[in-house]
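Listed below, chain by chain, are the residues.
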Amino acid sequence: MSQDRKKDRLVLVTGASGYVGGRLVPVLEERGERVRCLARNPQYLAGRFCSDTEIVAGDVLDRDSLRVALEGVDTAYYLVHSMGSRANFEEQDRIGAQNFARVALQQGVRRVIYLGGLVGDSQLSSHLASRREVGSILTSEGPATLEFRASIIIGSGSLSFEMVRSLVNKLPIMITPSWVRMPTQPIAIEDVIAYLIQGLDVEEEGSAVFEIGGPQQVSYGGLMREYARQIGVRRLMIPVPFLSPRLSSLWLWLVTPLYARVGKKLIDSLRNETVVRDGGALDRFPVRPLNVRQAMARALEEEDREKAQTR
Ligand SMILES: NC(=O)c1ccc[n+]([C@@H]2O[C@H](COP(=O)([O-])OP(=O)(O)OC[C@H]3O[C@@H](n4cnc5c(N)ncnc54)[C@H](OP(=O)(O)O)[C@@H]3O)[C@@H](O)[C@H]2O)c1
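Fair warning: this is a prediction, and the values are worked out from it, not measured in the lab.

Criteria and thresholds
- Residues numbered from 1 in each chain as written.
- Predicted model: local features only at pLDDT ≥ 70, side-chain atom pairs only at ≥ 80, totals over all residues.
- Heavy atoms only, no water.
- Helix = DSSP H or I, 4+ residues; strand = E, 2+ residues; numbered from the N terminus.
- Rg over C-alpha atoms; globule rule 2.2 N^0.38 Å.
- Buried < 20%, exposed > 50% of the residue type's maximum accessible area, 1.4 Å probe, protein only.
- Contact = heavy atoms within 4.5 Å.
- Areas by Shrake-Rupley, 256 points an atom, 1.4 Å probe, with all protein chains shown as cover.
- Lys, Arg positive; Asp, Glu negative; His and termini not counted.
- Charge placed at Lys NZ, Arg CZ, Asp CG, Glu CD.
- Pairing = 2+ DSSP bridges.
- Axes fitted to C-alpha atoms, helices over the stretch in contact; angles between N-to-C directions.
- Salt bridge = Lys/Arg side-chain N within 4 Å of Asp/Glu carboxyl O.
- Expected span 1.5 Å × (residues − 1).
- Patch = residues over 30% accessible without salt bridge, like charges linked within 9 Å, V, L, I, M, F, W, Y side chains within 5 Å.

Helix and strand content of the chain: 13 helices and 11 strands. Computed over its C-alpha atoms, the radius of gyration of the chain comes to 19 Å, within 12% of the 19 Å expected for a compact globule of 311 residues. In terms of overall dimensions, the chain has a C-alpha envelope of 55 × 40 × 35 Å along the principal axes. Put simply, the chain has 311 residues, and 53% of those count as buried. Looking at the chain alone, contacts between residues at least 24 apart form 81% of all its contacts between residues at least 6 apart. When the accessible surface of the chain is split by element, carbon and sulfur atoms take 50% of a total near 14,100 Å². If the 40 positive side-chain charges of the chain are averaged to one point and the 37 negative ones to another, these points end up 7 Å apart.

What follows deals with the sheet that holds strand 5 (residues 111-117). With parallel pairing, 7 strands are arranged side by side in an open sheet as 3-2-1-4-5-6-10. Only two strands of the sheet have a single neighbouring strand rather than two, namely strand 3 (54-57) and strand 10 (208-212). On average, adjacent strands in this sheet sit at an angle of 20° to one another, irrespective of strand direction. Of the strand pairs in this sheet, strand 2 (residues 34-39) and strand 3 are connected by 4 bridges, and their pairing is parallel. Looking across to strand 3, one finds that Leu38 is bridged to Val56. Where helix 5 (residues 126-141) meets the sheet, it contacts strand 4 (75-78), strand 5 and strand 6 (144-150), and its direction lies at approximately 165° from that of strand 5. Against the sheet, helix 7 (residues 189-201) contacts strand 1 (10-14), strand 4, strand 5, strand 6 and strand 10, and its axis sits at roughly 155° relative to strand 5.

Attention now goes to the pattern of salt bridges. For the structure shown, the criterion picks out 18 salt bridges. Where Arg9 meets Asp201, a salt bridge forms, and the shortest distance between an N and an O atom there is 2.7 Å. Remark: Asp201 occurs in helix 7 and Arg9 occurs in the loop between helix 1 (3-8) and strand 1; sequence separation between them is 192 residues. Relative accessible area serves as the criterion here: at 32%, Asp201 is assigned to the partly exposed category. For the salt bridge of Glu141 with Arg102, the shortest nitrogen-to-oxygen distance reads 2.7 Å. Placement of the pair is Glu141 in helix 5 and Arg102 in helix 4 (residues 89-106), with a sequence separation of 39 residues. With a relative accessible area of 23%, Glu141 lands in the partly exposed category.

The terminal C-alpha atoms of helix 5, which comprises 16 residues, lie 22 Å apart, in line with the 22 Å expected from a rise of 1.5 Å per residue. Buried within helix 5 we find His127, Leu128, Ser130, Arg131, Val134, Gly135, Ile137 and Leu138.

Among the surface-exposed residues, Ile173, Ile175, Leu236 and Ile238 lie close enough to one another that they form a single nonpolar patch of about 360 Å² accessible area. Put simply, the parts of the chain that give the nonpolar patch at least two residues each are strand 8 (173-176) and strand 11 (236-239). Mapped onto the fold, Ile238 is located in strand 11.

In structure tokens:
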């Protein structure tokens, strides 16, 4: 793609106040893309991005606001989820995705790029089932959609990673239920952003799903051990052989109340492995993800700078 065409096209980022969107926008700006962000509370984004980046007020639950936000857009990133909401998050995410898909189609958007969760085939938690449903709504009701699916994202500010840190920082001894041992395939935030950026120009007829992950499968417990090692503390984990979501969420409320509501949904997601089964992304994209040790070292190094970017 030529530099000129790049500058002509308009890229919409939803979820720009969130963890992933907030890190995507500066990279798009550095590449010379014309960027528009949709935000429910634009005031939170004031001064955070380049002055050329447009910020429009909007809500995926409000179709009129989407008509304005999607006008003239070539590619739209869908990085919205309602997991932190107290209301019925599945219903809100379903309606939001339907609105977005239909208005994007009406407005002639060329491609939607969505980041969802890595899912197994059966016994999905409500969180993962909802992430998958959003992907299928976007694909079936909207323009051509690239869906990237990721497990835990390693980076300062990522909820799942912050939960690991919070538990290790606070608890010298942990009773660890079975979800702590369930395999996941974490990926560094830099690698997620690289895939999302490559999604702009990858040649693809129609819609496609790409599972993305780092080179290793590791459990939450493995992440906790690696984090403890990198910050130089010793932690004792005592495994117990049962999955106890109720007990675990009570434990989270006591130890790390900030992450408890979302943490409960994350733990519930860990009844299945969240690992890459189809390695096609490595063939299609030149991204070579960092391993867990490198990804975590990088997250800790970049912490101060990244904290400044996280609301
Ligand atoms: N973080 C991870 O570890 C991880 C791992 C795998 C996949 N993902 C996927 O990555 C995507 C982005 O996740 P994230 O971690 O960046 O989430 P996040 O930090 O919680 O951000 C969610 C964003 O959604 C926006 N939003 C919520 N409801 C909205 C609505 N009705 N209209 C418009 N915007 C709305 C929020 O805006 P407000 O500021 O207005 O609330 C916020 O900007 C999600 O699809 C998630 O499943 C994340």
